[in-house]
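Spelled out, the chains give:
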Amino acid sequence: MKVLVTGGAGYIGSHAVRLLQERGHSVVVVDNLSYGHRSIVESTLRVPLYIVDIGNKEQIKNILQKENIEAVMHFSAYALVGESVTHPAKYYENNVQQTLNLLEVMRECGVLKIIFSSTCATYGVPAEIPICEICPQFPINPYGSSKLMVEQILRDFDAAYGMKFVSFRYFNAAGAHPLGDLGEAHSPETHLIPLILDAAAGRREDIKVFGQNYETPDGTCVRDYIHVMDIAEAHLLGLEYLANGGTSDFFNLGNGTGFSVLEVIEMAKKVSGKEFKVSMAARREGDPPVLVGSSDKVRRVLAWKPQFENLEKIMSDAWNWYHKGKAKLET
Ligand code: UDP
């Protein structure tokens, strides 16, 4: 298929682009480079890059028509929970309004298949663990709310215009491409694993553990870390599913296993062979104690099976990327 990938210069999008190429699909990337990396698309992936806002209706329409796009994978979004609390308008404008523009133009051009990046943040503080897709969704920050709004818009576009969607609610994306040339590089960095690796590499003084008195086995927050390659694979399965006439649906994307902040730190020490300072800090606002997703539905309906579910593999791929691709990006 001919697929337009928004946010293809970013972390998860770039892995999906590579997998699409490997499976014989033709890809173009749209990215405004507010967070993505131009060299990843142009030099590493070598696919056409349009530097455009996804909300720019005129230019997106031109691209959809000129490139004969058949489906869209929509990764681009702002995704910093803390920033969404202090700057909600930025999140609603970018994640909701610009996505609405994209969907409108897709409808006008008859592009009626989309794979959407949603999030476990739509569940807020979950009513039960593991979280399943029918659990109530009460987001506790504007980031989660913005993604939930798009989920509703997708439902409505399907009902009104027959636009088919697969929406993946990601848990904690982690790891990197095993070749070490694609991975996570955010600026500013707020995510646990890249920050720990900075500490292991001696580039930050310590890693701060946000909260030690949660109701969890060791008192620190528990998250479901999922390898970015397994996320990319799910997107390919989602695309195939829609191409074969699958009905619109929502799927959690997690491994179903939780690791605490301290367990992740211990694994980083093991994989890197480095010792570094671990400091205790206050809780971070808006952090639920435990987020672990049930992946039963995506396994059953899309026949998804994670290949990289072990934390040691996730961490060693992240560490490999840290020294190879990420170091190169920074030079
Ligand atoms: N965390 C931490 N120290 C840090 C960054 C994150 O203790 O410097 C914790 C955070 O409170 C959460 C977990 O690590 O419990 C994962 O956070 P991250 O920001 O990576 O992902 P999130 O779960 O917010 O999507």
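Residues numbered from 1 in each chain as written. Predicted model: local features only at pLDDT ≥ 70, side-chain atom pairs only at ≥ 80, totals over all residues. Heavy atoms only, no water.

(A) Region of the structure containing empty space enclosed by the protein. Enumeration over the complete set of coordinates arrives at two cavities of 30 Å³ or more. Lining the largest cavity, in full, are Tyr11, Gly175, Ala176, Glu184, Ile193, Pro194, Leu197, Ala318, Trp321, Tyr322 and Lys326. Those elements that provide at least two residues to the lining of the largest cavity are helix 7 (192-200) and helix 11 (311-323). Of the pockets and cavities examined, the second largest cavity occupies roughly 30 Å³. Forming the boundary of the second largest cavity are His15, Arg18, Leu19, Glu22, His177, Met229 and Ala232. Within the residue set of the lining of the second largest cavity, elements represented by two or more residues are helix 1 (11-22) and helix 8 (228-243). Residue contributions to the lining of the second largest cavity peak at four residues, all from helix 1. (1 Å grid on protein atoms, 1.4 Å probe; cavity = no way out; pocket = protein on both sides within 12 Å on 5 of 7 lines; lining within 4 Å. Points joined across faces, edges and corners; volume = space filled by probe spheres on them. Helix = DSSP H or I, 4+ residues; strand = E, 2+ residues; numbered from the N terminus.)

(B) Layout of the sheet that holds strand 14 (residues 290-291). In space, the three strands of this open sheet follow the order 12-9-14, with mixed pairing throughout. The open sheet is flanked by strand 12 (259-260) and strand 14, the only strands paired with a single partner. Of the pairings in the sheet, the one linking strand 9 (residues 222-223) to strand 12 comprises two bridges and is antiparallel in character. Looking at the pairing, arginine 223 lines up with phenylalanine 259 of strand 12. (Pairing = 2+ DSSP bridges.)

(C) Examining helix 6 (residues 142-161) more closely. For helix 6, built from 20 residues, the straight-helix expectation of 28 Å at 1.5 Å per residue is met to within 8% by its first-to-last C-alpha distance of 28 Å. Positive backbone phi, approximately 70 degrees, marks glycine 162, located one or two places after helix 6. (Expected span 1.5 Å × (residues − 1).)

(D) Local environment of the side chain of histidine 235. Its place among the elements puts histidine 235 in helix 8. Not counting residues up to four positions away in its chain, the partners in contact with histidine 235 are Met73, Phe75, Ile115, Ser117, Phe168 and Tyr170. (Contact = heavy atoms within 4.5 Å.)

(E) Examining the packing of helix 1 against helix 8 more closely. At a minimum axis distance of 9 Å, the contact between helix 1 and helix 8 shows a crossing angle of 55 degrees. Looking at the two axes, helix 1 sits oblique to helix 8. For helix 1 against helix 8, the interelement crossing comes out right-handed. Seen from helix 1, the contacting residues are Tyr11, Ile12, His15, Ala16, Leu19 and Leu20; seen from helix 8, they are Val228, Met229, Ile231, Ala232, Glu233, Leu236 and Leu239. Across the contact of helix 1 with helix 8, the residue classes tally to eleven nonpolar, one polar and one charged. (Axes fitted to C-alpha atoms, helices over the stretch in contact; angles between N-to-C directions. Parallel < 35°, antiparallel > 145°, perpendicular 65-115°, else oblique. Left-handed = near helix turned anticlockwise from the far one by under 90°. Nonpolar A, V, L, I, M, F, W, Y, C, P; charged D, E, K, R; others polar.)

(F) Expanded view of the environment of leucine 253. One can find leucine 253 in strand 11 (residues 249-253). You can call leucine 253 buried: its relative accessible area is 0%. Those residues in contact with leucine 253 that sit more than four places away from it in its chain are Phe168, Arg169, Tyr170, Phe171, Ile226, Ile231, Ala234, Val298 and Trp304. (Buried < 20%, exposed > 50% of the residue type's maximum accessible area, 1.4 Å probe, protein only.)

(G) Representation of the site of the ligand in the model. As a structural note, the neighbourhood of the ligand is formed by 15 residues, with Leu192, Lys208, Arg223, Arg284 and Asp287 the closest of them. Within the side chain of asparagine 172, a nitrogen or oxygen atom sits 3.0 Å from an oxygen atom of the ligand. Arginine 284 places a polar side-chain atom, nitrogen or oxygen, 2.7 Å from an oxygen atom of the ligand. The fraction of the free accessible surface of the ligand (520 Å²) that becomes covered by protein chains is 88%. Elements with a contribution of two residues or more to the shell around the ligand: helix 7 and strand 8 (206-210). (Near = heavy atom within 4 Å. Polar contact = N/O pair within 3.5 Å; in protein donor to acceptor, adjacent residues only side chain to side chain. Areas by Shrake-Rupley, 256 points an atom, 1.4 Å probe, with all protein chains shown as cover.)

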